[in-house]
Structures are given as structure tokens and as C-alpha cells.
Amino acid sequence: MDDAILITELNDFIFCPVSIYFHKMYKDMDRMIYQNTDQINGNAAHKSVDESTYTTRKDILMGIDVYCEKYNLIGKIDIFDIAKKTLRERKKKVKNIYDGYVFQVYAQYFSLVEMGYDVKKIEIYSIDDHKKYDIPLPYANTDMLFKFEKVIDEIKHFSIHEFIQTNEAKCLHCIYD
Ligand code: SF4
């Protein structure tokens, strides 16, 4: 499991493959030093999950560690309502449903399914404006599933030495610049 891909890396990799390496490098540093406001807010959004303060209901899984053997992915789920068979990922403020968001919930979905859970619905929830976005299950959106598998394959075969970032705008707004 040493070479497992972190679920959060799926989003980072789409932004810039190099950022994964910086992310790992800074992992042990004080988060306040290098995270931007959005990321800090995002972490706050998950705080209640990590500290299990959201609910004590037994039919709700919160912030549990998961591993998906099929894709060799490791990470955490946000909330899974066992009774409603609904996986929910909360974010501070959703401005757009980016592919990276979808890939993250796909990774959570496949992990839960491997654990034997019946997942029938996926939602991304925007906390600030209380908006809910339904995400079709992976097998109901084969184009997105193909993209998800392609990104995982690219991460597995990525070589930092051969990569050149040609999108300067990304570097301008990058927290690692
Ligand atoms: S500064 Fe540019 S190349 Fe470096 S991680 Fe950020 S986006 Fe990627």
C-alpha cells in the first residue's frame, strides 16, 4: 500500500502534477504557512467530520479511513448515510463542479463498494450557500469514469523530470510558487 495514491491527490494532479510533490514535501510543515484561504476553509469544513462531532448516529459513517484496492487509492470519506445509501462530500463553497471533485467522490464510492456498502447516490454539498449537487454514479457516466481511470493511470506513470508547466497563469495563482 506504500505506493497508494491519496484521494486528495486526484484534484491536485489535475491542477498541476508537480503540486503533488510539493504537497508531500510540505506535509509535515505547519499548515498555516503554505495553505491558501480556500484550503484552510476546506479543512474547517471537514473539521466536524474528523472530530466526529457531526452526528453520533450509528447508520452514518463519518471521516473514516478507506482504501480502494482496485485503483490503489487511500483516503477518507466525508459522510456516508448507510440507511439512505448516500455518499456526501461537503465543501466550503462550490463554485463549479470540477472534474477533480467528481474523481474524489468516485474514489470514495469505489472504496465503500469494496467494503460491501450499497451506495446508490452521490452528492456534493456546498456549505456556504446550502446547495446540493447530484453526481451520477460512475457507471452512469462512462465518459467521466474513463477520465477518472485515465488520471489514475497518468499519476502512476508520471515523471517529474519530463514535465514542463506551460500554463503560466496556473503558476501565478499557485500556492507553491
Ligand atoms: S508553481 Fe507552477 S509548476 Fe509549480 S506546482 Fe505550482 S502550478 Fe505547478
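For the structure itself, look to the data block above.
Figured I'd write up the structure that's included with this text.

Parameters and conventions
- Residues numbered from 1 in each chain as written.
- Predicted model: local features only at pLDDT ≥ 70, side-chain atom pairs only at ≥ 80, totals over all residues.
- Heavy atoms only, no water.
- Near = heavy atom within 4 Å.
- Nonpolar A, V, L, I, M, F, W, Y, C, P; charged D, E, K, R; others polar.
- Core = buried A, V, L, I, M, F, W, Y, C linked by side-chain atoms within 4.5 Å.
- Buried < 20%, exposed > 50% of the residue type's maximum accessible area, 1.4 Å probe, protein only.
- Helix = DSSP H or I, 4+ residues; strand = E, 2+ residues; numbered from the N terminus.
- Axes fitted to C-alpha atoms, helices over the stretch in contact; angles between N-to-C directions.
- Parallel < 35°, antiparallel > 145°, perpendicular 65-115°, else oblique.
- Left-handed = near helix turned anticlockwise from the far one by under 90°.
- Contact = heavy atoms within 4.5 Å.

**Let's talk about the site of the ligand**
Every residue near the ligand is listed here: Cys16, Ser19, Phe22, Gln165, Cys171 and Cys174. Looking at the shell around the ligand, its residues break down into four nonpolar, two polar and no charged.

**Thoughts on the nonpolar core**
In this structure, Leu10, Tyr71, Leu73, Leu87, Phe110 and Phe148 are the most contacted members of the largest nonpolar core, which totals 34 residues. Put simply, the parts of the chain that give this core at least two residues each are helix 1 (7–15), strand 3 (65–68), helix 5 (99–114), strand 7 (121–126) and helix 6 (142–157). Counting residues per element, this core draws most heavily on helix 5, at nine residues.

**Side note on the packing of helix 1 against helix 5**
It is at 8 Å that the axes of helix 1 and helix 5 come closest, and there the two elements cross at 160 degrees. As summarised for this structure, helix 1 and helix 5 are arranged roughly antiparallel, according to the angle between their axes. Two packed elements cross with a definite hand, and for helix 1 against helix 5 that hand is right-handed. Between helix 1, through Ile7, Thr8, Leu10, Asn11 and Ile14, and helix 5, the contact on the second element is made entirely by Asp99, Gly100, Tyr101, Phe103, Gln104, Ala107 and Gln108. Its residues assigned to classes, the contact of helix 1 with helix 5 comprises six nonpolar, five polar and one charged.

**Description of the environment of Cys171**
Take Cys171: it is sitting in helix 7 (residues 168–172). A sequence separation of 155 residues divides Cys171 from Cys16, and the C-alpha atoms of the two residues are 9.0 Å apart.

**Things to note about unusual backbone geometry**
The backbone of Lys85 sits at a positive phi, close to 55 degrees, despite the residue not being glycine. Mapped onto the elements of the fold, Lys85 is located in the loop between strand 5 (79–81) and strand 6 (86–91). The partly exposed category is assigned to Lys85, whose relative accessible area is 32%.

Purely geometric stuff here, so don't read any function into it on its own.
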